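Residues per chain, in single letters:
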There are 2 protein chains.
Amino acid sequence: MRPQGVIRRKRDGGELSPREIAFFVHGVVSGAWADYQSSALLMAIFLNGMTESEQQCLTEEMLRSGEVLDFSGVPLAKVDKHSTGGVGDKTSLVLAPLVAACGACVPMISGRGLGHTGGTLDKLEAIKGYRVQLDLKEFREILGRVGFAMMGQTESIAPADKKLYALRDATETVEVIPLIVASIMSKKLAAGLDALALDVKTGTGAFMHDEDKARELARGLVATGKRFGVKTEALLTDMNQPLGRAVGNALEVKECIDILRGDCQDAARPVRDLSVELAARMVALCGAEGSLDAARVKVERALETGEALERLRRNVEAQGGDPRVCDDPARLLDLTLHEVRVESVRAGFVTAIDAAEVGRAVASIGGGRIRMDDSIDPSVGFLADAKIGTEVEAGGALGLLYCRNPADAEEASARIVAAYTVGDEPPRTLPELIKEVIT
Amino acid sequence: MRPQGVIRRKRDGGELSPREIAFFVHGVVSGAWADYQSSALLMAIFLNGMTESEQQCLTEEMLRSGEVLDFSGVPLAKVDKHSTGGVGDKTSLVLAPLVAACGACVPMISGRGLGHTGGTLDKLEAIKGYRVQLDLKEFREILGRVGFAMMGQTESIAPADKKLYALRDATETVEVIPLIVASIMSKKLAAGLDALALDVKTGTGAFMHDEDKARELARGLVATGKRFGVKTEALLTDMNQPLGRAVGNALEVKECIDILRGDCQDAARPVRDLSVELAARMVALCGAEGSLDAARVKVERALETGEALERLRRNVEAQGGDPRVCDDPARLLDLTLHEVRVESVRAGFVTAIDAAEVGRAVASIGGGRIRMDDSIDPSVGFLADAKIGTEVEAGGALGLLYCRNPADAEEASARIVAAYTVGDEPPRTLPELIKEVIT
């Protein structure tokens, strides 16, 4: 078999056989396929698509390209959540302790932020001392003892995905459903889960702006999870504005801890609501509770009693972080930063927000990465006070920007102002946080 | 500008701007585009096509990536021919001396064979001592003195094409008209021609099996040539069986010399007819004769008087070859080879020939290249006695195979037998040698 034959078949709109897909994935890892051959096939897949069976076969081969983790020593149901990424998307830090407090465990393998989106690992590292690089033994130990553990992808998990993702990023072949499904699911399935909740974002701050495309992705992810024997559900959720109030790593961790402490500001309410709903679905899906309604009650109780906060404290301590942030979240703030009020240039109602642009503005002051090797300033960020539907005065605050120096602030502030659309009339409808459940 | 933006535009079906195309071609040569980015764009072009103006812009940038030859010191009209390649396609060796004998000159820059097709350089090297690697000064001198000179592509001509062709070959993005047009024309336009005749092959031994596709290619080539101020015409010709009798380098050179000596076997007749027609069109196109009819008369006369043979003799001598082959073409044959009669397994009429398979069978015994770095045995080959329409007995000869050892012969012979379709009825129509003239 030669790469050319495989490329030709997909180029001509045909269906690749399981053997051809295996040959491709092995070849990507071994180097038997040259990068330029892989990228030609990726473009052909982008333009000609893949059938459901090709997609599942690709997922399986990518999964098999690496190690499948074994948590059989932890006698709890294993459940994880994956989000397709957004701005201010911080639910992992709330829901993992919630699920752990409800008797399931969450072996969460997370990523870093890139471009306009944040990443869970970056947020956790805003906690002084927190270590996300654990070896598997330590990860397993913390998982069993605390109920959740957080770490970065290891070299041994789905190495084909790592290689292919870098190629897709350089060749504009990222945004295609079968490749996204295989990339996400090959990593998630490697964590040996019983159940998986997916948070598929749609809107101005999501990779999938288009709701129909996002729905198609959610369906592909759910079908693939089930096919591999993992109980899988997806929520299709709104990303037409930053989720909650905080955008920026330390500010986001503080928002999560505030929520777990029962101190939830109005602007942070969607974070609480979505985290609770995702946690309840995770608890029900993995069988730690018999029904979704019962799971919701249990999750709310774990939040109100402070049990979830306690789980977070134990996790932070176990992973080397300063647990005092759980008692005094203001410790996360850097008071030497400049606080700049971002003001609306006109009076009216916020009708739309380019959430990706808000994310990029925060990245531009050091809060995120433009390139993968950029370093991050965990403290900078933006607190979005005005959301879609908010009435603002001319010169009224859209939010507060925290930055290292005033020169940076000016440009970032202007970008955020431009990302807000303020009209004369209030928007006819407000974004619905959870648009659909795909089971 | 970044490669990603250019890839994205073509991926999404858009039209690339002249600046984007220039950025791509420069980037291919400079290395600013990674190979995997170039191949992703090539696949997007393969699947989404190019407009005529993109195609012409790509041709121009590829042409400009290298040197344009200057033959202004040679005071004759310059005209060349390009064939899209086939099996037994040897017209260059007949038509170049014919055109030179008619008062125009032919600065022919040729290629080597790959896969089922032969290449003019390989055929010439079947003549003992013949040198195809000339420097430009020597090439120009022979051109002026003899009226035609033959050499291989230099590093300085269209270097972007060399790089892109290698990528296309490895990524199944060869057979797409705008890329073929740009590849052929960027090299041909670099030879500073007044006129160009194109021989676009269609059929089982051509790259373009499909006649409509071949016609589309011919039109693209002619339009592009004209656009660059070169008088250009194309013949759409049949490649549903080997052209003439000989397949294999020395055998083909002998067939050409036989024709120039007035010794044309029936099976070689199509080589003579097509060479004369192409030569006449070249002579008329470049203005060396006032009309096509007058050019035909002149070309026939050059053939009959032996003037063309004399030109070939002078060229062979000038390029270091043994000119005695022109007097005694049998000198080209290697009498130590095994001659194997390839026999039909049944009686009937030849209704079809897989000409590419005949070419591959000859390549398999050393007469061609499977890979670009294979060496060639100039002497081996096949003489096709049975052509479409020929009546054969069971056990009757389809042709004669010449090979180095009997073991090779068996497999090659079986491939050739399988490439012939012999039916009970004669074919309803015979292939028409020249299907269409595109001006």
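Scoring rules and cut-offs
- Residues numbered from 1 in each chain as written.
- Chains lettered and ligands numbered in written order.
- Predicted model: local features only at pLDDT ≥ 70, side-chain atom pairs only at ≥ 80, totals over all residues.
- Heavy atoms only, no water.
- Helix = DSSP H or I, 4+ residues; strand = E, 2+ residues; numbered from the N terminus.
- Rg over C-alpha atoms; globule rule 2.2 N^0.38 Å.
- Buried < 20%, exposed > 50% of the residue type's maximum accessible area, 1.4 Å probe, protein only.
- Contact = heavy atoms within 4.5 Å.
- Areas by Shrake-Rupley, 256 points an atom, 1.4 Å probe, with all protein chains shown as cover.
- Lys, Arg positive; Asp, Glu negative; His and termini not counted.
- Charge placed at Lys NZ, Arg CZ, Asp CG, Glu CD.
- 1 Å grid on protein atoms, 1.4 Å probe; cavity = no way out; pocket = protein on both sides within 12 Å on 5 of 7 lines; lining within 4 Å.
- Points joined across faces, edges and corners; volume = space filled by probe spheres on them.
- Arc of directions from axis to C-beta.
- Least-squares fit on C-alpha atoms with pLDDT ≥ 70 in both.
- Axes fitted to C-alpha atoms, helices over the stretch in contact; angles between N-to-C directions.
- Parallel < 35°, antiparallel > 145°, perpendicular 65-115°, else oblique.
- Left-handed = near helix turned anticlockwise from the far one by under 90°.
- Nonpolar A, V, L, I, M, F, W, Y, C, P; charged D, E, K, R; others polar.
- Buried area = accessible area lost by both parts, 1.4 Å probe.
- Salt bridge = Lys/Arg side-chain N within 4 Å of Asp/Glu carboxyl O.
- Polar contact = N/O pair within 3.5 Å; in protein donor to acceptor, adjacent residues only side chain to side chain.
- Phe/Tyr/Trp six-rings, centres within 6.5 Å; stacked < 30°, edge-to-face > 60°.
- pLDDT = per-residue confidence, 0-100.
- Domains from an automatic or database assignment.

*Asks:* Explain the overall build of chain A to me, and be specific about the residues and the numbers.
*Replies:* Helix and strand counts for chain A stand at 16 helices and 13 strands. Since a compact globule built from 439 residues should have a radius of gyration of about 22 Å, the 22 Å found for chain A is in line with a globular shape. The principal-axis extent of the C-alpha atoms belonging to chain A is close to 65 × 45 × 40 Å. Counting the 439 residues in chain A, one finds 58% classified as buried. At a minimum sequence separation of 6, the contacts of chain A that also span at least 24 residues come to 78%. When the accessible surface of chain A is totalled, it reaches about 16,900 Å², and 47% of it is carbon and sulfur. A distance of 5 Å separates the average location of the 53 positive side-chain charges in chain A from that of its 65 negative side-chain charges.

*Asks:* Describe in detail empty space enclosed by the protein, supporting the description with residues and values.
*Replies:* All names here are of chain A. Scanning all chains against the criterion turns up four cavities of 30 Å³ or more. Of the voids in this model, the largest cavity is the one considered here, and its volume is about 150 Å³. The wall of the largest cavity is formed by 22 residues, among which His116, Thr117, Gly118, Gly367 and Gly368 lie closest to the centre. Breaking the lining of the largest cavity down by element, the ones donating at least two residues are helix 6 (120-124), helix 11 (249-260) and helix 15 (355-367).

*Asks:* Give a detailed account of helix 1 (residues 3-11) of chain B, specifying residues and quantitative values.
*Replies:* Restricting attention to buried positions, one finds in helix 1 of chain B the residues Pro3, Gln4, Val6, Ile7, Lys10 and Arg11 of chain B. Each buried residue of helix 1 of chain B lies within a common arc of 165 degrees when the element is viewed along its axis, so the set occupies one face. Where helix 1 of chain B is buried, its residues touch helix 3 (35-48) and helix 8 (159-170) of chain A together with helix 2 (18-30), helix 3 (35-48) and helix 4 (52-64) of chain B. Among the residues trailing helix 1 of chain B, Gly13 of chain B stands out with phi positive, at a value near 85 degrees.

*Asks:* Go over the relation of the copies chain B and chain A, please, and point to the residues and values.
*Replies:* Each copy of the sequence occupies a distinct position, and chain B is placed on chain A by a rotation of 179 degrees and an axial shift of 0.0 Å, giving an RMSD of 0.1 Å. One copy is carried onto the other by what is essentially a two-fold rotation axis. Of every C-alpha in chain B, the one belonging to Tyr36 of chain B sits nearest the axis of rotation, 1.8 Å from it.

*Asks:* How would you explain the packing of helix 12 (residues 269-285) of chain A against helix 13 (residues 292-304) of chain A if you had to name every residue and give the values?
*Replies:* Residue and element names in this part refer to chain A. Viewed as axis vectors pointing N to C, helix 12 and helix 13 meet at an angle of 125 degrees, and their least axial separation amounts to 8 Å. Here helix 13 runs oblique to helix 12, going by the angle between their axes. Here the hand of the crossing between helix 12 and helix 13 comes out right-handed. In this structure, helix 12 uses Arg272, Val276, Glu277, Ala279, Ala280, Arg281, Val283 and Ala284 to contact helix 13, whose residues at the interface are Leu292, Ala295, Arg296, Val299, Glu300 and Leu303. Residue composition of the contact of helix 12 with helix 13, grouped by class: nine nonpolar, no polar and five charged.

*Asks:* I'd love a proper account of the interface of chain B and chain A, names of residues and values included.
*Replies:* At the interface, 20 residues of chain B touch 20 residues of chain A. Summing both partners gives a buried area of about 1,800 Å² for chain B against chain A, and 65% of it is carried by carbon and sulfur. Considering only the side of chain B, the residues that lose the most area to chain A are Arg11, Tyr36 and Glu172 of chain B, jointly responsible for 36% of the buried surface there. The tally of links between chain B and chain A comes to six salt bridges. Arg11 of chain B is the salt-bridge partner of Glu172 of chain A, the closest N and O atoms lying 3.7 Å from each other. Taken together, the links from chain B to chain A amount to nine residue pairs in polar contact (both at pLDDT 80 or more). Those elements that provide at least two residues to the side of chain B that touches chain A are helix 1, helix 3 and helix 8 (159-171) of chain B. Its residues placed into classes, the side of chain B that touches chain A shows nine nonpolar, five polar and six charged.

*Asks:* How would you explain the packing of aromatic side chains if you had to name every residue and give the values?
*Replies:* According to the stated counting rule, one finds six aromatic pairs over all chains in the structure shown. Pairing Phe23 of chain A with Trp33 of chain A gives two aromatic rings, centres 5.8 Å apart and planes at 65 degrees, and the pair type is edge-to-face. Taken as a pair, Phe23 of chain A in helix 2 (residues 18-30) and Trp33 of chain A in the loop between helix 2 and helix 3 lie far apart in primary sequence, 10 residues in all. Classification of Trp33 of chain A by relative accessible area gives buried; the value is 2%. On the basis of an interplanar angle of 65 degrees and a centroid distance of 4.9 Å, the ring pair of Phe24 of chain B and Trp33 of chain B is categorised as edge-to-face. Overall, Phe24 of chain B belongs to the buried group, its relative accessible area being 3%. Three or more aromatic residues joined by ring pairs form one cluster here, namely Phe23, Phe24 and Trp33 of chain A.

*Asks:* Give me the lowdown on the confidence of the model for chain A, citing residues and values where you can.
*Replies:* Mean pLDDT over chain A: 95, with 100% of residues reaching 70 or higher. Model confidence for the complex is summarised by a pTM of 0.84, with the ipTM given as 0.82.

*Asks:* Describe the domain arrangement of chain A, naming the residues involved and giving the relevant values.
*Replies:* All names here are of chain A. Domain assignment breaks chain A into domain 1 (3-49), domain 2 (79-329) and domain 3 (333-423). Between domain 1 and domain 2, the C-alpha centre-to-centre distance is 32 Å. With 11 residues of domain 1 at the contact, the number on the domain 2 side is 12 residues. Contact between domain 1 and domain 2 buries roughly 1,100 Å² in total, counting both sides, with carbon and sulfur atoms accounting for 83%. When the buried area of domain 1 at its contact with domain 2 is split by residue, Val28, Leu42 and Phe46 rank highest and sum to 49% of it. At the boundary of domain 1 and domain 2, one finds one salt bridge. The shortest N-O distance in the salt bridge between Lys163 and Asp35 comes to 3.3 Å. Where domain 1 meets domain 2, there are one residue pair in polar contact (both at pLDDT 80 or more). Going through the elements one at a time, helix 2 and helix 3 are the ones with two or more residues in the side of domain 1 that touches domain 2. Sorting elements by how many residues they give to the side of domain 1 that touches domain 2 places helix 3 first, with seven residues.

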